[in-house]
Amino acid sequence: MTQTLGTMADLPADYVQGLAEKSVIPLWPSLRSVLPYDMPTRSTLPYAWRYRELRPYVLQAGALAPIERAERRVLVLANPGLGLERMMATPTIYLGLQLILPGESAPNHRHSPSAIRFVIEGSGGFTSVDGQKCPMEKGDLILTPSGVWHEHGHNGTTPVVWLDALDLPLVYGIEASYCIEGKPQSISNAADNSQTYYRRAGLVPYGTLNRRRADYPLVRYPWREVRQALLDLAASLAPSEPAHLAYVNPETGAECLPILGFSAQMLRPGEEGAAQRRSCSAVIHVIEGSGQSEIDGTTIDWEEGDTVAIPTHARVRHQANGKAPAFLFHVDDAPLHRKIGIYEEF
Ligand code: 1HN
C-alpha cells in the first residue's frame, strides 16, 4: 500500500506551471482524493426535507408564481452537502415539490432526463403521457421516461402537490440534458394502461407475445393497489422478512427506468429493520406513518410527507413508530450502478 504520495509542493514551480499552460496536471498528488481506500468520498449529507415545514412555501408559490410564468411551479430539494445551486438531492437524484392549482395546466414537453411523479396530496390532477391520461391520486407513481411527451392538468378543487424525481444530475452532468416544447397532446378518452392492459401482475396483452416489447408499457402505478399488495404480502411473511416491492416493467420484469429505481415498503409496527449498506444513493419519501432512519449512525425522524436523502455506501436502518405501519416510497440509482457494474451490498 502506498502510504505517502508526492504532493504538488514537492514539484518545481516552473514544472507545474509549464504543465498547467498545456492543460496538464500530474496524477499522483490527487490520486488518493479520486480513489480513496475502501470508502468513496461523499459530499451528500443524510438530510430530511420536512413536508410540514415546506408545505406553506409550496402553497405560497401558487400566489407568487403564475403557472404561465413558471412552466413548472416547483421548489427543488437540494442537498445542503452538495450546494443549493446544483439542485441535487444525491449525485444522481433531482427532487422537487410541484404545485398545480385547480384549472391550471403545465405545457406539453419532452426531454432527455427521465422523470417520475409521486403524488403527496390533492385529487383531480392528471399527467398526460404520450396521449394517455393518467389520474394522479395520493401515492400514485407516474413515469415520464426520457423522450416521452408529458403535460399536467388539474380538474379538481384543491391544490395538488407531488414529488418530482429525475435523473437530471446525471444527464446534465454528462452534458446531455435538453428539452423540446410541443403542441398540446390529443388525449385519448380511454382509461390508462394500469386499469386495462396491465390490470394484474402476470397478465400481459396477448399481442405482446408476438411483437417487440414496448419500452414503457405501463406509466401509472396506482397506490391503492400497491398498498393492498404490501398489506397482503406482509400478512403472509415472517416478521423478519421485509415487505418491499419493486416497481418494474410488466413486460420484461426489469426496472422501469434506466437510471433510477423505485420501490415501496411497508414497515410493520415493531419490525426490527435490518441494517443494510448499499453502493447506490437513495431517497425515501414517507407515504404514511412515522418513524426514524439511522443513516451512518445519525438518527433522522420522519413523518408523512417527509423526504430523506441517503448517501452512497451509507449503513441504513428504517423503523416505524407506534402501532400503525409506515409506508415508504424509495428512489435509488441502483439501476445505474447495476448497469455500469458497480452495484454492491455490504
Ligand atoms: C420537468 O419536466 C418537470 O414535467 C418537473 O413536471 C420538474 C425539473 C427539471 C427539468 C424538467 C415536469 C423538472 C422538469
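Parameters at a glance
- Residues numbered from 1 in each chain as written.
- Predicted model: local features only at pLDDT ≥ 70, side-chain atom pairs only at ≥ 80, totals over all residues.
- Heavy atoms only, no water.
- Helix = DSSP H or I, 4+ residues; strand = E, 2+ residues; numbered from the N terminus.
- Contact = heavy atoms within 4.5 Å.
- Near = heavy atom within 4 Å.
- Areas by Shrake-Rupley, 256 points an atom, 1.4 Å probe, with all protein chains shown as cover.
- Nonpolar A, V, L, I, M, F, W, Y, C, P; charged D, E, K, R; others polar.
- Polar contact = N/O pair within 3.5 Å; in protein donor to acceptor, adjacent residues only side chain to side chain.
- Pairing = 2+ DSSP bridges.
- Axes fitted to C-alpha atoms, helices over the stretch in contact; angles between N-to-C directions.
- Expected span 1.5 Å × (residues − 1).
- Buried < 20%, exposed > 50% of the residue type's maximum accessible area, 1.4 Å probe, protein only.
- Arc of directions from axis to C-beta.
- Salt bridge = Lys/Arg side-chain N within 4 Å of Asp/Glu carboxyl O.

*Asks:* Would you take a moment to explain the environment of alanine 78 for this structure?
*Replies:* Here alanine 78 is to be found in the loop between strand S2 (74-76) and strand S3 (94-100). The sequence separation of alanine 78 and leucine 95 amounts to 17 residues, and the corresponding C-alpha distance is 7.5 Å. Residues within four places of alanine 78 in sequence aside, it is in contact with Trp49, Gly83, Leu84, Met87 and Met88.

*Asks:* Would you take a moment to explain the site of the ligand for this structure?
*Replies:* Close to the ligand lie Arg72, Tyr94, Gln98, His109, His111, Arg117, His150, His152, Asp164, Leu166 and Leu168. Considered on its own, the ligand offers 320 Å² of accessible surface; in the complex 85% of this is hidden by protein. Looking at the shell around the ligand, the elements with two or more residues in it are S3, strand S4 (105-111), strand S9 (150-154) and strand S10 (160-166). Class assignment for the residues of the shell around the ligand results in three nonpolar, five polar and three charged.

*Asks:* Looking at this model, I keep getting lost on the side chain of arginine 278. Mind explaining?
*Replies:* Tracing the backbone through its elements, the reader meets arginine 278 in the loop between strand S15 (276-277) and strand S16 (282-288). One polar contact links arginine 278 to aspartate 332, side chain to side chain, over a distance of 2.9 Å. Ignoring any residue separated from it by four or fewer positions in sequence, one finds arginine 278 in contact with Thr312, His313, Ala314, Asp332, Tyr343, Glu344, Glu345 and Phe346.

*Asks:* Whenever I open this one, the sheet that holds S3 confuses me. Can you help?
*Replies:* The pairing of strands in a sheet happens through backbone hydrogen bonds and is either parallel or antiparallel. Taken in spatial order, the six strands line up as S2-S3-S10-S5-S8-S12 in an open sheet, and their pairing is antiparallel. Lying at the two open borders of the sheet, with one neighbouring strand each, are S2 and strand S12 (220-221). Bridging between S3 and S10 involves seven bridges; their strand directions are antiparallel. Within S10, the residue paired with glycine 96 across the bridge is aspartate 164. The strands touched by helix H3 (residues 51-64) are S2, S3, strand S5 (115-121) and S10; relative to S3, the strand with the most contacts, the crossing angle is about 55°.

*Asks:* Help me out: how do you make sense of H3 in this one?
*Replies:* Because an α-helix completes one turn every 3.6 residues, residues spaced three or four positions apart along the sequence face the same direction. Spanning 14 residues, H3 covers 19 Å between terminal C-alpha atoms, matching the ideal 20 Å at 1.5 Å per step. Turning to H3, its buried residues number three or more, namely Tyr51, Val58, Ala61 and Gly62. Along the long axis of H3, the arc covered by the buried residues comes to 105°, so they all point the same way. Looking at H3, the residues exposed on the side facing more than 90 degrees away from the buried face are Arg52, Glu53, Tyr57, Ala63 and Leu64. Elements in contact with the buried residues of H3: strand S1 (47-49), S2, S3, S5 and S10.

*Asks:* When you look at the pattern of salt bridges in this model, what are you seeing that I'm missing?
*Replies:* A side chain of one charge can pair with a side chain of the opposite charge if their charged atoms are brought near each other. Scanning the model with the defined rule gives 18 salt bridges in all. For glutamate 303, the salt bridge is made with arginine 52, and the minimal N-O distance between the two is 2.8 Å. Remark: arginine 52 occurs in helix H3 and glutamate 303 occurs in the loop between strand S18 (298-302) and strand S19 (307-310); sequence separation between them is 251 residues. The class for glutamate 303 is partly exposed, based on a relative accessible area of 26%. Looking at arginine 52, the relative accessible area reads 62%, which means it is exposed.

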